[in-house]
Amino acid sequence: MALYLVTGGAGFIGSHMVEALVGRGDAVRVADNLSTGKRENLAHLPGVDLRVGDLAELEFAREVCDGVDYVLHQAAIPSVPRSVSDPITSNRSNIDATLNVLVAARDAGVKRVVYAGSSSAYGDTPTLPKHEDMPTGPLSPYALQKLVGEQYCQLFTRLYGLETATIRYFNVFGPRQDPSSPYSGVISLFIRALLEGRAPTIHGDGEQTRDFTYVTNVVDGAFRALVVPEAAGKVFNVATGGRISLNELLDTLKRLTGAKVEATYGPSRAGDVRDSQADITRAREVLGYETLVGLEEGLRRTVLWFENGR
Ligand code: UD1
């Protein structure tokens, strides 16, 4: 039976991947330093081999890659503002650890590594939607780090023959996204504020747009990138192909939660991208990817999860 390593598997997106792998009967190992991940995200999943440690240490990366067939590399410090305030710590998690995982995967004879890239790599492109062949333009340390990680992946494919594929995520949301930090994803912060009757904060005028993507879609996209032969060495946008503004998002969440509070508007965030929308043609054509859960349905499921006490 194939063994899957999910780095960052105790985190939000990683735990959904682990859940799907366990659900289909696969053997799963998780490597996580529990910095933003939590043991409780895996508590409902029996038989997962959880290894707690720091992938920025090469020895740990080697230990967890031993005997592994496929790697889903999700471990990261996933925050634009956190990288702006502390670029060195996020560089270590997002670049040093990625290089270690690639070296360890190469030496362990791993069949393929699928890497969690980010739409932030595009920066403020003049045209929408954003296509994988467009020039990149990182606006934050996080965006640059994620881009370096995917370029390392491509380099490892060319130089050492290690098969890799990058999925560029676009603002992923869903159950288990943690709203407890000011660096948390906006949907988790908005839902929690609305359910507690507090005013959510909008940074800027709220007219910035995002291609918010329910987590099930990116799990499906990443699993396809693990097995489709033509995916090796490539980069894919995995999202819905749509976009909505934060003001529209908040109106939808107010309708779904029944909350009556108004937003507080504050200054724009440093390093923020104005508009983000994916062209998903390549994922469709090469991976056979289609959006499985649309925005409204995803928001409904996420609100339900937060309402049920998480
Ligand atoms: C960025 C990346 C995304 C990456 C994520 C990791 C882009 C386009 N997307 O998301 O690919 O996975 O980082 O964190 O760069 N906001 C508020 N109020 C809040 C919190 C946020 O108005 O309380 C605003 C932000 O200023 C931003 C938007 O909501 O305009 C989304 O913010 P966030 O959820 O943090 O994600 P991004 O930074 O867009």
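In case you missed it, the structure is sitting above this.
Criteria and cut-off values
- Residues numbered from 1 in each chain as written.
- Predicted model: local features only at pLDDT ≥ 70, side-chain atom pairs only at ≥ 80, totals over all residues.
- Heavy atoms only, no water.
- Near = heavy atom within 4 Å.
- Polar contact = N/O pair within 3.5 Å; in protein donor to acceptor, adjacent residues only side chain to side chain.
- Areas by Shrake-Rupley, 256 points an atom, 1.4 Å probe, with all protein chains shown as cover.
- Core = buried A, V, L, I, M, F, W, Y, C linked by side-chain atoms within 4.5 Å.
- Buried < 20%, exposed > 50% of the residue type's maximum accessible area, 1.4 Å probe, protein only.
- Helix = DSSP H or I, 4+ residues; strand = E, 2+ residues; numbered from the N terminus.
- Axes fitted to C-alpha atoms, helices over the stretch in contact; angles between N-to-C directions.
- Left-handed = near helix turned anticlockwise from the far one by under 90°.
- Contact = heavy atoms within 4.5 Å.
- Nonpolar A, V, L, I, M, F, W, Y, C, P; charged D, E, K, R; others polar.
- Expected span 1.5 Å × (residues − 1).
- Bend = angle between axes of the 7 residues up to and from the residue.
- Patch = residues over 30% accessible without salt bridge, like charges linked within 9 Å, V, L, I, M, F, W, Y side chains within 5 Å.
- Salt bridge = Lys/Arg side-chain N within 4 Å of Asp/Glu carboxyl O.
- Phe/Tyr/Trp six-rings, centres within 6.5 Å; stacked < 30°, edge-to-face > 60°.
- Lys NZ or Arg CZ within 6 Å of the ring centre and 35° of its normal.
- Parallel < 35°, antiparallel > 145°, perpendicular 65-115°, else oblique.

> Is there a simple way to think about the site of the ligand in this case?
Lining the immediate surroundings of the ligand are 23 residues, of which Pro-78, Val-186, Thr-201, Arg-210 and Asp-272 lie closest. In this structure, an oxygen atom belonging to the ligand sits 2.8 Å away from a main-chain N or O atom of Val-186. A distance of 2.6 Å is found between an oxygen atom of the ligand and a side-chain nitrogen or oxygen belonging to Asp-272. When the ligand is considered free in solution it has 740 Å² of accessible area, and contact with the protein chains removes 92% of it.

> Would you mind showing me how to read the nonpolar core here?
A general trend in soluble globular proteins is that nonpolar side chains are found buried together. Counting residues in hydrophobic clusters, the biggest one holds 61 residues, and the most contacted among them are Met-17, Leu-72, Ile-167, Leu-249 and Leu-287. Considering each element in turn, this core owes the most residues, seven residues, to helix H7 (residues 215-227). Formed by 24 residues, the second largest nonpolar core is a distinct cluster that contains Leu-3, Ala-105, Cys-153 and Leu-162.

> In this structure, what is going on with the packing of helix H1 (residues 12-23) against H7? I would like to understand it.
Geometry of a packed helix pair, given as the angle between the helix axes and the separation of the axes. Contact pair H1 / H7: the axes reach a minimum separation of 10 Å and the direction vectors enclose 65°. Between H1 and H7 lies a crossing whose hand is right-handed. The segment H1 lies against H7, with Phe-12, Ile-13, His-16, Met-17, Ala-20 and Leu-21 engaging Val-215, Val-218, Val-219, Ala-222 and Phe-223. Partitioned by chemical class, the residues of the contact of H1 with H7 number ten nonpolar, one polar and no charged.

> I would appreciate a short explanation of helix H4 (residues 87-108) in the present structure.
Think of an α-helix as turning once every 3.6 residues; residues three or four places apart then point the same way. With 22 residues, H4 should reach 32 Å at 1.5 Å per residue; the first-to-last C-alpha distance of 30 Å fits that figure. At Ala-97, H4 shows its largest kink, close to 25°. Every buried residue of H4 is listed here: Ser-90, Ser-93, Asn-94, Ile-95, Ala-97, Thr-98, Asn-100, Val-101, Leu-102, Val-103, Ala-104 and Ala-105. Downstream of H4 by a residue or two, Gly-109 has a phi angle that is positive, lying close to 75°.

> Where do I start with a nonpolar patch on the surface in this structure?
A cluster of nonpolar side chains, Leu-155, Leu-159 and Tyr-160, forms an exposed patch at the surface whose accessible area comes to about 280 Å². Positionally, Leu-155 belongs in helix H5 (residues 141-160). On the accessibility criterion, Leu-155 (32% relative accessible area) is partly exposed.

> Any chance you could explain the side chain of Asn-217 here in plain terms?
For Asn-217, the position within the fold is in helix H7. Of the residues examined, Asn-217 reaches a relative accessible area of 0% and is grouped as buried. Beyond its immediate chain neighbours, meaning those up to four positions away, Asn-217 contacts Val-238, Tyr-289, Thr-291, Leu-292 and Val-293.

> Just to check I follow, could you spell out the packing of aromatic side chains for this structure?
Aromatic ring pairs: the centre-centre distance and the angle between the two ring planes describe each pair. Taken as a whole and judged by the stated rule, the model has six aromatic pairs. For the pair Tyr-152 and Phe-156, a centre-to-centre distance of 6.4 Å together with 70° between the ring planes defines the contact as edge-to-face. Of this pair, Tyr-152 and Phe-156 both sit in helix H5, four residues apart, which is roughly one turn of that helix. For Tyr-152, a relative accessible area of 27% corresponds to the partly exposed category. Judged by relative accessible area, which is 3%, Phe-156 ranks as buried. Connected via pairs of aromatic rings, a cluster forms that spans Tyr-152, Phe-156 and Tyr-160. Residue placement shows Arg-106 over the ring face of Tyr-160; its charged tip is 4.5 Å from the ring centre. Across from the ring centre of Tyr-122, 4.7 Å away, lies the NZ or CZ of Arg-168, which sits over that ring.

> Just to check I follow, could you spell out helix H8 (residues 246-257) for this structure?
Taking 1.5 Å of rise per residue, twelve residues should cover 16 Å, and H8 covers 16 Å from first to last C-alpha, within 8% of that figure. Contact partners of the buried residues in H8: helix H6 (186-195), strand S8 (201-203), strand S12 (244-245), strand S13 (264-266) and helix H10 (295-307). Directly after H8, the chain includes Gly-258, whose backbone phi takes a positive value near 75°.

> Explain unusual backbone geometry to me, please; I cannot follow it from the model alone.
Most peptide bonds adopt trans geometry, and most residues besides glycine take a negative phi value. Pro-129 follows Leu-128 through a cis peptide bond whose omega is -10°. Within the fold, Pro-129 resides in the loop between strand S5 (112-118) and H5.

> Sorry, what's going on with the packing of H6 against H10 here?
The geometry of H6 relative to H10 is characterised by a closest axis approach of 10 Å and an angle of 50° between their N-to-C directions. By the angle between their directions, the pair H6 and H10 is classed as oblique. Every pair of crossing elements has a handedness; the one defined by H6 and H10 is right-handed. Across the interface between the two elements, Ile-187, Ser-188, Ile-191 and Leu-195 of H6 pack against Leu-299, Thr-302, Val-303, Phe-306 and Glu-307 of H10. Across the contact of H6 with H10, the residue classes break down as six nonpolar, two polar and one charged.

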